[in-house]
Structure formats: C-alpha cells, structure tokens
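# Survey of secondary and tertiary structure
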Protein chains: 2
Amino acid sequence: MKKLINAPDAVVRDALEGIELAYGDRLRVSYDPAYIVRADAPVEGKVGIVSGGGSGHEPMHGGFVGRGMLDAACPGEVFTSPTPDQMLEATKAVNGGAGVLHIVKNYTGDVMNFDMASDLGKAEGIEVEAVVTNDDVAVQDSLYTAGRRGVGITVIAEKISGAAAEERRPLADVADICRRVNAQGRSMGVALTPCTTPSSGEPSFELGDDEMEIGIGIHGEPGRYREPMAPAAQIVERLATAVVEDLPYDSGDQVLAFVNGMGGTPLLELFIVYRDLHRFLEERGITITRRLIGNYITSLEMAGCSITLLKLDDELTRLWDAPVDTPALRWGA
Amino acid sequence: MKKLINAPDAVVRDALEGIELAYGDRLRVSYDPAYIVRADAPVEGKVGIVSGGGSGHEPMHGGFVGRGMLDAACPGEVFTSPTPDQMLEATKAVNGGAGVLHIVKNYTGDVMNFDMASDLGKAEGIEVEAVVTNDDVAVQDSLYTAGRRGVGITVIAEKISGAAAEERRPLADVADICRRVNAQGRSMGVALTPCTTPSSGEPSFELGDDEMEIGIGIHGEPGRYREPMAPAAQIVERLATAVVEDLPYDSGDQVLAFVNGMGGTPLLELFIVYRDLHRFLEERGITITRRLIGNYITSLEMAGCSITLLKLDDELTRLWDAPVDTPALRWGA
C-alpha cells in the first residue's frame, strides 16, 4: 500500500487538520466528536443542513460545507459510518431555530446512526427531518445496504437543498425539495480498478487486467456484472441505458448530467465520457441543460466513473444555479 | 491498459468535443488546428494570454481558459508538444490589439514551437512576448528539458498574469509579473506510481511495490532518487526542504502554498500533505497566506503530489485574489 499518510489510524484526523489549516477562515473543525461546520453557524432563521458518511469519498461531504450548500459534515473513518454523537453535535451546532435537515446516503450504518441522532436532537427540542438518498440503479440490496445505495445524487441534493435553505424556506419545504431531487435522480458507476483502504492495506476486490465492474458501489461493493474492457462509448451506453430506463427519462426531458470520477481517473477521460453521454442522450431526445464534471464523490484512488442524471424543472434549475461558496463547489458567490 | 477512451489516437479530439459540449457557453474549440479560446476573444485592448503543452495534465491548460486567466490554450497529443500552427492561430484569435503573452513550460519541444509561433505572429504584426517557467528544483536538464522543468508555478503564473491582463496592464508589465512569479516560485514532486499514455499502453517507468521517486517529472521523467515509502510528513520534508533551500525562502516570508495531486491521489491525502507542509513551514517561520489544494497539473493517473511555493508580496497577493472564472478555477466572479 502506497499512500501519502502518516499512519492508517491517523488519516482522518490528519486530513481534518489540513482542512482546518486551509479553510479556517470559513470553516470550523471539531475533533471530538469530529465534524466540519460553517464558521458562521448557526445561521439564525435558516434551516441547517447536515450530511456525513465514511471518509474516502472526498470532496464529499466536508468539501461541500459553506454558504449555499451544507452547514456541517460528519466524517467517519474511511468507508465507515460516523457515529450518532458526531451527528448530534453537528445538528446542535447548525440549529438556527428553523430546524435541521439530515441528508443521508442509503447505507445501513449511516441510516441507523442518523436515525439515532435525529431522535436525540428531537429530545433536545430541535426539529429534525431526514432524507435518505438511494439513486444507484445498479442493484437492490448490497453489501452495506438494504434497498438501493445512495451515490451521486447526494452531491446534487446537497447543492439544491442548500440553495433552498438559503432562501429561508421552511424545513418541510427544504426536505421536500431534497426528496424530489432524489426521486428524479438516478446513477450508475463502473470500476476499472479496486481501491485500498488505509486500515486494510489490501485492494477491496480483484479485477482482471482487462476487466471492469459495471454497477460498482462507492466502497467497492459488487455491481451487476463484470465484462472485458470496452470503448468509452460502449461503457457509457451500459451505464446510461440502465439509468435512463429506470426512472425513466424520456424524449423532451431536460436533465442535469453529472459525470463523476471515482478518484483515479484522469479528467481527460471524464470529458470523453461526457461527450459520449451527451451523444447518447441526444439520440434519445434528452437535453442536458446543466452539467457537473469532475471528482466529487470518490472512492479513494479507484479508477472509474459514475453517471448521474437529474430530471430538471424550473425550480430545480434555479436552485442549482444559485450561488454556492464551498471549498469544492463555488460559483456566483 | 484500462482507460475510459474510444481509441488511443482519438483521446484528445474526443476530450475536446466533451469540453466544447460542456462549456460551449463560455469557450470556443477549434479542432484544426486544435485550441480552446474564450468565447469573447479577442478582448479589445487587453493583453491576450496563450499557454499550451502536451495533454494529460488536465485541467492544465484548457481548464484555465476564461476571464481572469488564459485567453487560449493549445493542447498537444498526450505528453507531446502542440505545434506552432496551433499556437499561431490561438495567438491571432486572442490578439485584441494589446499584444499576446505566451506562457511556456520549459520543455524543449514546447519552447521551440512557441518560439516559432512567436516569430510567425510577429511577422503578422502581433506584438508577442514569451515567459518560460522553470520552477522544478529536482534536476538540471532532464529527458525533455535543457535546464529546469516548468511545473506547478505555471498554474499560479497563469492566474496572476491573467489578473494583470484584466487590469489592462500593458504587455511588458504582464510579462514582467509573469517572470516575477516564476522567479519567486519553486516546486518539487514525488511519484508513488507511474502513469500510462494511451498511445504506448505501457507504464512510463517501473517502481517497486514499496518505492517512490522523489523529484519526479510530470511526464514520468526521472527525479533525484528513489527510496522506500515513508510517512507523509517525511515525504513533505524531502520535497519542501529542497524547495525552501533553493530560492531560498526565509523566516518572515509569506507564501502561497500549492499542494498539487498528480491525478491518482485521493484528496484526503492531499490534505494530509497540506497539514504537514504547514507544520514544516511554520517551524521555519514561513507563513502560508494563500493556498491551492487539488489536482491542477496532473500526469494522467499517476499517484503522487507536488509542492509549489510562491513568495508573495502585496501586488501578487492582490492579483491572486482577483476574480477568476474558468472551468477549473473560479472565485469572486
């Protein structure tokens, strides 16, 4: 295992220190329990938004803390759920009197722990709602999940819900918008290589020299099937067909297209994937009106990508376009 | 070789098509000869800035085209210099009557071709100046370079020169500022793995399972030495000592610190490197007042990082902070 780390059990703490040193003007970092929070939290009268999950998917979620997106993020150890006390303290730290939304990717540990944190928050008089994302069409039930896994749509949901919260919409509205994003979003990914967690030191799975895993999970959970490597256009067709047929997305739809790198794939390749996705959708009469291309929900150094589509309407488009000012996503701010 | 591509000889063209489809509202793409240019070029009365080089280092340079940074970028084939006709056509496309600055990384092919393009531009009546970056302290003379290689400072120089050009400073001033950034900047990198160009299909070099190459070049050119993997803090010390002692950077200096990922290194690790760099510099009385952390000058899927320092003064800080609006760097815009 070759990694730029000091010790496997110090990875998350060391990285948090780096984040605090880099962005201390805009973020605060708590270490025990661990969470990252907007420096100006709680924002009076604004719904607070908290997300979190295992580390190793950076910039998600810590890189999305800031005006127009998350109020706080709770990082667990690598590929391990954060604990309820992290989530509870983050919830209290962002509660500006308008309630708190938890955005939770559908993994059993995350859901259970956020659920507990929600109960604890309510017991302290904080209004809490939770939205669980489950956009991955690859498989039903998985290594760490009952139902579908939550993947790329989480990034989009955090951006759009964050914009709604900035408009001082009430908690029920912000949660509804978040649910709508999840309901109108679908994803699927592919791995060309496994990744290695610092604690195990071993690749999460094995793949042949000329093989890829279609439908990979973001922790290396098994996908739908393996097959020999193919040209990008064919891989895009595999992923996008599954995504488009699932919702389904129809001719005339306008979508946000999110081409996400898993961490170890050059940006050059992601632009090729975007090109092939554009062509695929165009042939079906589906128009990309917004896009996001880059490494936003990663799996350490895994090579591969995922495709996420969100069916847009005027409101979601407007909220997507609203200013955002976080370490990883920044525009109009 | 596992890559998300359609064919080795179609990589650059396919990616350019993706870039045009993604950013067509702000960039124009020319295919023959290949360059990416601001949609509003030429900007009347503004110095035009052109850079370029082999592809495979994305987002450099194409991702830096936009207001406040580059006017145009010329992508060569992967790890191969673009040709003089690309550079000439880009120069003509961005000439708004105030002259054109070429920012050239010090590799023999790039320098030669930009030199020829400069002569051709001048023959057509365009005022052209060139600045060659050569910030890599690792080695003198290298596989593709006489003298030092140009690496991370190029990103910073493009940002700061772009801000000066937006202020409508004359060509001589913009070139002076660019030279000053190069003169006050130093870099060194480390590779944990090689990378594979699409055309060769083979790793650019071999590294043992527990080995790293200190002083690596961005095309996999040999560095200073190899040694066994070490904790991040020790790797940072190796790189930062070479960088700091070279200029030298002294106690009391304020610097911009740029921790750059080579493409295959998780962001989580880059934050650990940033933490360790901060500590290293703090012990020497050097203060980081600005920073950039992420994958900006990459080597395909190579794992590793580079550290760049720029000694700041008030003017360079102000120009760094100025608004920039490009696909890869965006703030205040």
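What comes next concerns the included structure. (Residues numbered from 1 in each chain as written. Chains lettered and ligands numbered in written order. Predicted model: local features only at pLDDT ≥ 70, side-chain atom pairs only at ≥ 80, totals over all residues. Heavy atoms only, no water.)

## Some remarks on the overall build of chain A
Looking only at helices and strands, one finds 8 helices and 14 strands in chain A. What you see for chain A is a C-alpha radius of gyration of 19 Å, in line with the 20 Å of a compact globule of 333 residues. Projected onto the principal axes, the alpha-carbon positions of chain A cover approximately 55 × 50 × 35 Å. Considering only residue pairs separated by 6 or more positions, chain A has 73% of its internal contacts joining residues 24 or more positions apart. Total accessible area computed for chain A in this model is approximately 10,900 Å², and 47% of it derives from carbon and sulfur atoms. Here chain A holds 30 positive side-chain charges and 50 negative ones, and the gap between their average locations is 5 Å. (Helix = DSSP H or I, 4+ residues; strand = E, 2+ residues; numbered from the N terminus. Rg over C-alpha atoms; globule rule 2.2 N^0.38 Å. Contact = heavy atoms within 4.5 Å. Areas by Shrake-Rupley, 256 points an atom, 1.4 Å probe, with all protein chains shown as cover. Lys, Arg positive; Asp, Glu negative; His and termini not counted. Charge placed at Lys NZ, Arg CZ, Asp CG, Glu CD.)

## Re the packing of helix α5 (residues 171-183) of chain A against helix α8 (residues 314-321) of chain A
Residues and elements named next belong to chain A. Put simply, α5 and α8 touch, their axes get as near as 12 Å, and they point 105° apart. One finds that α5 runs roughly perpendicular with respect to α8. Residues I177, R180 and V181 of α5 form the contact with α8, whose participating residues are E315, L316 and L319. In terms of residue class, the contact of α5 with α8 is made up of 4 nonpolar, no polar and 2 charged. (Axes fitted to C-alpha atoms, helices over the stretch in contact; angles between N-to-C directions. Parallel < 35°, antiparallel > 145°, perpendicular 65-115°, else oblique. Nonpolar A, V, L, I, M, F, W, Y, C, P; charged D, E, K, R; others polar.)

## Let's talk about the environment of V47 of chain A
Residue and element names in this part refer to chain A. If you trace the backbone, V47 turns up in the loop between β2 (34-38) and β3 (48-55). On the basis of relative accessible area, V47 is assigned to the buried category, the value being 0%. Once the C-alpha coordinates of V47 and S200 are considered, the two residues, 153 residues apart in sequence, prove to be 39 Å apart. Aside from chain neighbours lying at most four places away, what touches V47 is D71, A98, G99, L101, A165, R169, P170, L171 and V174. (Buried < 20%, exposed > 50% of the residue type's maximum accessible area, 1.4 Å probe, protein only.)

## Regarding the pairing of strand β12 (residues 304-311) of chain A
Residues and elements named next belong to chain A. In terms of burial, β12 is largely enclosed, as 7 of its 8 residues are buried. Both strand β7 (residues 185-191) and β12 contribute to a ladder of 7 bridges, which runs antiparallel. Among the inter-strand pairings, G189 is bridged to a residue of β12, identified as S306. (Pairing = 2+ DSSP bridges.)

## Thoughts on the sheet that holds β3 of chain A
Two modes of strand pairing occur in sheets, parallel and antiparallel, and in both the strands are linked by backbone hydrogen bonds. Residue and element names in this part refer to chain A. Across the sheet, 6 strands lie side by side as β1-β2-β4-β3-β5-β6; this open sheet has mixed pairing. Where the open sheet ends on each side, the last strands, each with one partner, are β1 (27-31) and β6 (128-133). In this sheet, adjacent strand axes meet at a mean angle of 20° when their direction is disregarded. Taken together, the 2 bridges between β2 and strand β4 (residues 72-78) define a ladder with antiparallel strand orientation. Residue pairing for β4: I36 is matched across the bridge by A73. Set on the sheet, helix α4 (residues 153-166) makes contact with β2, β3, β5 (100-105) and β6; between it and β5 the angle comes to about 170°. Along the sheet face, α5 touches β3, β5 and β6 and points at about 5° away from the line of β6.

## A short note on the pattern of salt bridges
Residue and element names in this part refer to chain A. Within this structure, the stated rule accounts for 64 salt bridges over all chains. Residues R38 and D71 are paired through a salt bridge, measuring 3.9 Å at the closest nitrogen-oxygen approach. Taken as a pair, R38 in strand β2 and D71 in the loop between β3 and β4 lie far apart in primary sequence, 33 residues in all. Accessibility assignment for this pair places R38 and D71 in one class, buried. R226 is paired through a salt bridge with E211; the nearest N and O atoms lie 3.8 Å apart. (Salt bridge = Lys/Arg side-chain N within 4 Å of Asp/Glu carboxyl O.)

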